[in-house]
Number of protein chains: 2
Amino acid sequence: MWQPDRLSNQPLYQQIADDFERRISYGEFPPGTQLPSERKLAEQLGVNRSTVILAYAELRALGIIESRTGSGTRVSQYKWGVTPKHTPNWHRYVEGGTFLPNLPFLRRIREALQQNSGLIDFASGELGADLSPAKEIGALIAENPYIEYLGYDNPQGFVPLRETLVSYLSKYRDIQTTGSSILITSGSQQSLYLITQCLLTPGDAVAIEDPSYCYSLPMFQSAGLRLFRLPVDRKGVHPDDVRALYKKHRIKMVFLNPNYQNPTGVVLDEKRRAELLDVASELGLPIVEDDPFSLTAYDGNPPPPLKSIDSVGSVLYIGSFSKMAASGLRVGWMVAPHSVVERLADARQQMDFGLSVVPQKVAAEFLGSAYFQPHLERLRMQLLFKRDLLIEALEKELPNLVSFAVPQGGLHLWCKIIPEVNDHKLLEEAIRRGVIFAPGSVYGSDSGYVRFTFARAKAEDIVTGIAKFAAALRAVLD
Amino acid sequence: MWQPDRLSNQPLYQQIADDFERRISYGEFPPGTQLPSERKLAEQLGVNRSTVILAYAELRALGIIESRTGSGTRVSQYKWGVTPKHTPNWHRYVEGGTFLPNLPFLRRIREALQQNSGLIDFASGELGADLSPAKEIGALIAENPYIEYLGYDNPQGFVPLRETLVSYLSKYRDIQTTGSSILITSGSQQSLYLITQCLLTPGDAVAIEDPSYCYSLPMFQSAGLRLFRLPVDRKGVHPDDVRALYKKHRIKMVFLNPNYQNPTGVVLDEKRRAELLDVASELGLPIVEDDPFSLTAYDGNPPPPLKSIDSVGSVLYIGSFSKMAASGLRVGWMVAPHSVVERLADARQQMDFGLSVVPQKVAAEFLGSAYFQPHLERLRMQLLFKRDLLIEALEKELPNLVSFAVPQGGLHLWCKIIPEVNDHKLLEEAIRRGVIFAPGSVYGSDSGYVRFTFARAKAEDIVTGIAKFAAALRAVLD
Ligand SMILES: Cc1ncc(COP(=O)(O)O)c(C=O)c1O
Ligand SMILES: Cc1ncc(COP(=O)(O)O)c(C=O)c1O
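The rules behind these values
- Residues numbered from 1 in each chain as written.
- Chains lettered and ligands numbered in written order.
- Predicted model: local features only at pLDDT ≥ 70, side-chain atom pairs only at ≥ 80, totals over all residues.
- Heavy atoms only, no water.
- Helix = DSSP H or I, 4+ residues; strand = E, 2+ residues; numbered from the N terminus.
- Rg over C-alpha atoms; globule rule 2.2 N^0.38 Å.
- Buried < 20%, exposed > 50% of the residue type's maximum accessible area, 1.4 Å probe, protein only.
- Contact = heavy atoms within 4.5 Å.
- Areas by Shrake-Rupley, 256 points an atom, 1.4 Å probe, with all protein chains shown as cover.
- Lys, Arg positive; Asp, Glu negative; His and termini not counted.
- Charge placed at Lys NZ, Arg CZ, Asp CG, Glu CD.
- Least-squares fit on C-alpha atoms with pLDDT ≥ 70 in both.
- Near = heavy atom within 4 Å.
- Polar contact = N/O pair within 3.5 Å; in protein donor to acceptor, adjacent residues only side chain to side chain.
- Nonpolar A, V, L, I, M, F, W, Y, C, P; charged D, E, K, R; others polar.
- Core = buried A, V, L, I, M, F, W, Y, C linked by side-chain atoms within 4.5 Å.
- Domains from an automatic or database assignment.

Trainee: Is there a simple way to explain the overall build of chain A in this structure?
Mentor: Within chain A, the regular secondary structure consists of 16 helices and 14 strands. Against the globule reference of 23 Å for 478 residues, chain A gives a C-alpha radius of gyration of 25 Å, in line with a compact fold. Dimensions along the principal axes, computed over C-alpha positions, put chain A at roughly 75 × 55 × 55 Å. In chain A, which comprises 478 residues, the share counted as buried stands at 61%. Counting contacts in chain A only where the partners sit at least 6 residues apart, residues at least 24 apart contribute 72% of the total. In the form shown here, chain A has an accessible surface area of approximately 18500 Å², with 51% of it arising from carbon and sulfur atoms. Across chain A, the 51 positively charged side chains and the 53 negatively charged ones have centroids separated by 5 Å.

And the structure:
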């Protein structure tokens, strides 16, 4: 976001007017665009409302914008030509399309984080800069900066990365596979997207965990899928529920995140895993196993994935670099029968022409390097440390007001607020006090749950953050 | 593709049988999967058909595969358990989905190139390794290998890249814009994809050039759009045709590639540009301007884009790193009103969570570096040189059999074969003789056109490649 220069000789209102004039003349805000209200713009730019009033008055005087009571301030229609000319009705185009926008809560969180970089961030589900192996990755890049060929890569993914993943999957996840069964995607996210677009048809029923990360993704609805819930208890989902949903709705696929589930942190029980695979093979039902968190297991011993005990081939397995190393690299992978990999690679070629070779090369080097194992060990220690900081702070600040299970891996703590509380009010109050979190309803649960990501914030901010959160909660409860 | 080891003591057929057993047991080929015919597999592995017959016999003896006359060879259903277990019917899933597969010709080209890396490649629409600035990019990476933060990036794109593009667009494309009007995508491809998914609704009519790159993309059909044609003559599309399509079909958007159009190489006439913009503003009709080739203009003077003379804001402008530097980096950009950029960034966050920061950093450094201008100058000279090699070879080998206009920029030569010829036969014959090209029907034209990309093949292969092509054409015509 552009900000006026407080040290300049030019008055703030004039800087703001000039900036808008420039943006409007460049087409960033076409004729007819609704501009922010005076109050909102003042907040965004961190200036007084009177400054914005002066800036808008200046633009009105130039005929660039128009204000009408009731309908706010808009860019003028007929400034830019002698004859009436028509800018496309972008508003209508933007409202169209089959792809649904993100949830309002997620857009609000993104906006708040972009506007105020000082917020203590318990909302972004990723590692903080302190936990990411940026130095190690930089060192690897420095050692071997050259890329021989920069042409369109194989849409299935960079071959050396797929070969490295064959060893990685065997060593760390007990999965035996071949390079031609692996598809590299832009994180696990794109694997999920490709599955919804290419293997399922609008109207198909699918089962997802409740609560679940999948609820945060309107992409399931955009693909026209009907979603059915599998309640997650302390041992994960129940195989009988899968069978019942199949009977009732002929579900076509089951999406699971069995290890350190997002958001609950729950690990799917061993007995239930075996039963689930039996149900799946009995019904010929595919299971998508989304497994981004396993290698964060604090004791270094994550349960083996469903895929490793899947003798029938029911499981599409998805892994990612994001939660164990660096989400900004955008490298994920899917292990699937060759026919599925081929179909998805073909479709993604049309969507984005494949992934950049550069991050794939970096990921391959890091996974195969001597830095990887020590990074994991440090990551686990640090996550455990941050988790405990968070728990201590919650117990100190909010005794009897919150309840949670202690996760043994992953980045999140799932927390029930004991008295009834309104998600929306709590979030706004927290933002006002300088802290942000992910409301439980994002994951499909009822109001009154909170997901705290403890991996993102700096250790020294966790205690302060929870103090601010506690103050916000008390203010809302009052 | 796995290949047997000819130096091993183990017989070839045994190696093949072992490899299949492993792949089948790992789930790459689930029960029920159809295996390649003996003839096809022999071709793929470069062995005698009798070797494959022995390998399949071995696998049949182990009960791993079954052959039935008429229905070929399949992986056995009931090998893997005592009770009948069911692998999901992957075949049915793969046939489902709303996203259409690539055109058969494009899949055939990809397969042929993967199987035989020795083919002389006039089909892949990109720069060869000799024209890509891999060394310069390597040097820039080596100078500055460290990335500070590896978290999820802004879904609109890496801020320093957007800032660099503001200067780049002003300097090279005469486009004045702001960082907040730019969306970074995985090449121009993803910009096109996002437009079809987010700004258009199934059933909408859109206009595309005839012939056009867009015809090679079933993504338009996958999005449920109705496509109408704007014939491209020597001066590009005709503004009257746009008006007529609007009257008749209420087209919602026009997709154009005005400079060195793919596949024809045509430059849209200056007068028509002005008229087109008048039509667009009169009708409130958006134009998508896809502009990947401009900076390859052999004389260094590409025509300015429509966007630079668009005073109303009708144009969504798309650029790309691919054709002027490195397609494998996967960096493209769109310039659009802020509301459009926001909508597309929001949707793409759900699809792939944004682009990797690494290639974005590399692209920003390269575009802002002292390497960029000399790279462009060398690229233009080399493209001109390769274009002339191709034309000379065509004139020598196929006088009177081909006709074409000489392109002044871009990577392709669009060529009409004068006697009637079948695309499919010509392609197969060419592949057999060691050369590959893109049949014109991929771009929506009638049979009997060929797109030769002269940027990809090595200079020394161009003459040989055309000799092989000429032999193939003569063989088909006989
Ligand atoms: C369960 C789960 N799956 C998938 C993702 C997507 O992550 P990425 O695309 O970075 O791998 C996330 C990220 O929050 C997640 O929590
Ligand atoms: C006209 C045109 N637009 C877009 C693209 C997509 O290229 P990229 O996504 O690599 O920028 C191509 C590639 O062939 C093209 O020719």
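Trainee: What should I look at first to understand the relation of the copies chain A and chain B in this one?
Mentor: Superposition of the two copies of the chain requires a rotation about an axis together with a shift along that axis. When chain A is fitted to chain B, the best match, at an RMSD of 0.0 Å, comes from turning it 180° and sliding it 0.0 Å along the axis. Within this description, the copies of the chain are treated as partners about a two-fold rotation axis. No C-alpha of chain A approaches the rotation axis more nearly than that of A:A142, which lies at 2.7 Å. Residue by residue, 100% of the interface of chain A is reproduced at the interface of chain B, so both copies engage with the same surface.

Trainee: Help me out: how do you make sense of the site of ligand 1 in this one?
Mentor: Neighbouring ligand 1 are 14 residues; A:S188, A:N262, A:D290, A:S320 and A:S322 lie closest to it. Taken together, the residues near ligand 1 originate from chains A and B. A distance of 2.5 Å separates a nitrogen atom of ligand 1 from a polar atom in the side chain of A:D290. Contact distances for ligand 1 include 2.6 Å between an oxygen atom and a side-chain N or O atom of A:S320. Isolated, ligand 1 exposes 400 Å² of accessible area, and the fraction of that covered by the protein chains is 98%.

Trainee: When you look at the site of ligand 2 in this model, what are you seeing that I'm missing?
Mentor: The environment of ligand 2 is made up of 14 residues, and the closest members are B:S188, B:N262, B:D290, B:S320 and B:S322. Mapping the residues adjacent to ligand 2 onto the chains of the assembly identifies chains A and B. At a separation of 2.9 Å, an oxygen atom of ligand 2 approaches a polar backbone atom of B:Q189. Contact distances for ligand 2 include 2.5 Å between a nitrogen atom and a side-chain N or O atom of B:D290. Coverage of ligand 2 by the protein amounts to 98% of the 400 Å² it exposes when considered alone. Looking at the shell around ligand 2 element by element, the count peaks at three residues for helix α8 (residues 187–198) of chain B. Class assignment for the residues of the shell around ligand 2 results in four nonpolar, seven polar and three charged.

Trainee: Explain the nonpolar core here, please?
Mentor: Soluble, globular proteins show a tendency: their nonpolar side chains are buried together. The biggest cluster of nonpolar side chains holds 74 residues, and the ones touching the most others in it are A:I195, A:F255, B:I195 and B:F255. For B:F255, the contacting residues outside a window of four places in its chain are B:L192, B:I195, B:L200, B:V206, B:A207, B:I208, B:E209, B:C214, B:F220 and B:V288. Listed in part, the 72 residues of the second largest apolar core include A:I141, A:L165, B:L165 and B:M324.

Trainee: What's the story with the domain arrangement of chain A in this structure? I'm lost.
Mentor: Often, the extent of an interface is quoted as the loss of accessible area on bringing the components together. For chain A, the assigned domains are domain 1 (12–95), domain 2 (104–131 + 374–477) and domain 3 (135–369). Just the C-alpha atoms count here: the centres of domain 1 of chain A and domain 3 of chain A sit 45 Å apart.

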